[in-house]
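Here is what each chain is made of, one letter per residue.
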Amino acid sequence: MKVKAHAKINICLNVVCRRDDGYHELEMIMVPLMLHDELTITLSSEDCYTCSDAQLRMDETNTIIQAVELMRRTFSLSECFHVHVEKHIPAQAGLAGGSADAAAVMRGIRYLLKLDISLEDLAQLGKQVGADVPFCIMETCALVKGIGERITPFAMPCDFHILLVKPAMGVPTGKAFSMLDFEKCDHPDCNEVIHALQQGDLAQLSSVISNSLEYSAFQLVPEIADIKHQLQSMGFDAVLMSGSGSTVFAITRKKELLRQAEKRFHNKTYFVCCTAIKQ
């Protein structure tokens, strides 16, 4: 069977505080994108993991294998699987590529073996693999809190286009969090962002979105800030870095602006993609 693993962006991201357990308390608006990896999952005589990207390590450090082992332990599975991944989501991009793949394989095994677990419970199980996995299992526009496990879906119009631009260099998530200065970084109000999204007011959205992790990412990869400033100067309605970076997304309803920007940034060192919110 084939399963799509959809990328995500954070329309806003607020790092609230450091927790005693070493994690960070977060408040985020997350939305799934049409951009996706595609996983083919079949029963096999032994586990086998392959990928279209030869540079991607398919070993115990890979979230797909961690997700399969989690499902095997949780449900006492004796079955083995061949999982092949067609990669389209770049790594270290703030687009949850690894988490989306893990979520897709968990959803795929649930369907393939007709396991008796709700999608909501599967999402809570997924947090053992990674903080973004619960959202990637649910795949719906949502307010996300905690370390990523508290998900509150909401409806909104999705009549706009999204351009993704990622420089060659990625941002290690752990490094971005370790460099965080809570007094200097932005702290967006997620309720204001939800209101702007539900009203379809992109001008208001532009004034309320921000990302606490831009403070760190701009220091680690200054090119991210340059990309953001270029997109803003071109006239996009809202521009922000997603997650811990290094992808910058830009929102517009103007197809011609989208084409102009895609042409401007399309070169061999950048990942550039026109996409939309998955509905």
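About the criteria used
Within every chain, residues take consecutive numbers counted from 1 along the sequence as written. Whole-chain, interface and lining totals are the exception, using all residues; otherwise, since this is a predicted model, local features are given only for residues with pLDDT of at least 70 and side-chain atom pairs are given and counted only at 80 or more. By convention in this description, side-chain values take in all heavy atoms of the structure and omit both hydrogens and water. Going along the chain from the N terminus, every DSSP run of H or I of four or more residues is numbered as a helix, and every run of E of two or more is numbered as a strand. Our radius of gyration looks at C-alpha atoms and nothing else; its globule reference is 2.2 Å times the residue count to the power 0.38. Each residue is assigned to one of three classes by its accessible area relative to the maximum for its type, calculated with a 1.4 Å probe on protein chains only: buried under 20%, partly exposed between the two thresholds, exposed over 50%. Per-residue accessibility takes into account occlusion by the displayed protein chains alone, with areas from the Shrake-Rupley method and a 1.4 Å probe. For two strands to pair, DSSP has to find at least two bridges joining them. UniProt positions are given in the numbering used here, feature names are shortened, and annotations may be inferred rather than shown by experiment. Cavities and pockets are defined on a 1 Å grid built over the protein atoms alone: a cavity is a set of grid points where a 1.4 Å probe fits but cannot escape, while a pocket is an open set with protein on both sides within 12 Å along at least five of seven lines, and lining residues are those with an atom within 4 Å of any such point. In summary, the charge assignment counts Lys and Arg as positive and Asp and Glu as negative, without counting His or the chain termini. A pairing counts as a salt bridge when a side-chain nitrogen of Lys or Arg comes within 4 Å of a carboxyl oxygen of Asp or Glu. Under this definition, polar contacts are N or O atom pairs within 3.5 Å; protein pairs additionally need one hydrogen-donor-capable and one acceptor-capable atom, and for neighbouring residues in sequence, both atoms have to be side-chain atoms. Note on contacts: a residue pair is in contact if any heavy atoms of the two residues lie within 4.5 Å. Think of the arc as the fan of directions from the helix axis to the C-beta atoms.

Participant: Would you explain the overall build of the protein chain in this entry?
Facilitator: A tally of helices and strands in the protein chain yields 10 helices and 10 strands. Its C-alpha atoms give the protein chain a radius of gyration of 18 Å, within 12% of the compact-globule value 19 Å for 279 residues. Expressed along its principal axes, the backbone C-alpha trace of the protein chain runs to roughly 55 × 40 × 35 Å. Of all 279 residues assigned to the protein chain, the portion counted as buried reaches 53%. Of the roughly 12500 Å² of accessible surface on the protein chain, 49% is carried by carbon and sulfur atoms.

Participant: How should I be thinking about the pairing of strand 5 (residues 142-146) in this particular structure?
Facilitator: Remember that side chains alternate between the two faces of the sheet whenever the strand is regular. When you tally the buried positions in strand 5, you get four out of five residues, the bulk of the element. Examined bridge by bridge, strand 5 and strand 6 (residues 150-153) share four bridges and lie antiparallel to one another. By the bridge assignment for strand 6, L143 is matched with T152. Count of turn residues in the strand 5/strand 6 antiparallel hairpin: three residues, of which G148 carries a positive phi of about 125°.

Participant: Help me understand the UniProt feature "active site" (unreviewed entry) in the protein chain, please; the structure alone is not making it clear to me.
Facilitator: When the UniProt feature table is mapped to this numbering, "active site" (unreviewed entry) covers K8 and D132. Across 125 residues in sequence, these annotated residues keep their C-alpha atoms within 9.3 Å of one another, forming a single compact spot. Restricting the annotated residues to those that line the largest pocket leaves K8 and D132. Along the chain, the position of K8 falls in strand 1 (residues 2-18). Classification of K8 as buried rests on a relative accessible area of 3%.

Participant: Which parts of the structure should I look at to understand the side chain of K8?
Facilitator: Lacking a salt bridge, the buried K8 has D132 as its closest oppositely charged neighbour, with an N-O distance of 4.2 Å. Of the polar contacts made by the side chain of K8, one reaches the side chain of N10; its length is 2.5 Å. Apart from the residues within four sequence positions on either side, K8 is in contact with M30, V31, P32, L33, G94, L95, A96, D132, F135, S242 and G243.

Participant: Got a minute to help me understand the pattern of salt bridges in this structure?
Facilitator: Two side chains with opposite charge may pair up if their charged atoms get near one another. Under the criterion given, the structure shown has 12 salt bridges. For E139, the salt bridge is made with R107, and the minimal N-O distance between the two is 3.4 Å. With a gap of 32 residues between them, E139 in the loop between helix 4 (133-138) and strand 5 and R107 in helix 2 (residues 97-112) connect regions that are remote in the sequence. Comparing E139 with R107, the two get one shared label, buried. Within this structure, R19, D21, E25 and R150 form a network of salt bridges that share partners.

Participant: Can you help me understand helix 10 (residues 255-265) in this one?
Facilitator: Since the α-helix packs 3.6 residues into each turn, any two residues three or four apart lie on the same face. Restricting attention to buried positions, one finds in helix 10 the residues L257, L258, A261 and F265. One side of helix 10 holds all its buried residues, which, seen down the axis, span an arc of 100°. Along helix 10, exposed side chains directed more than 90 degrees from the buried face belong to K255 and K263. Summarising the contacts, the buried residues of helix 10 are in contact with strand 7 (161-166), helix 9 (222-234), strand 9 (248-252) and strand 10 (271-275).

Participant: Please clarify how the environment of C17 should be interpreted in this entry.
Facilitator: Turning to its location among the elements, C17 is positioned in strand 1. Given a relative accessible area of 32%, C17 falls into the partly exposed group. In this structure, the C-alpha to C-alpha distance between C17 and G98, residues 81 residues apart in sequence, is 25 Å. Look past the residues within four positions of C17 in its chain and what remains in contact with it is Y23, H24, E25 and F182.

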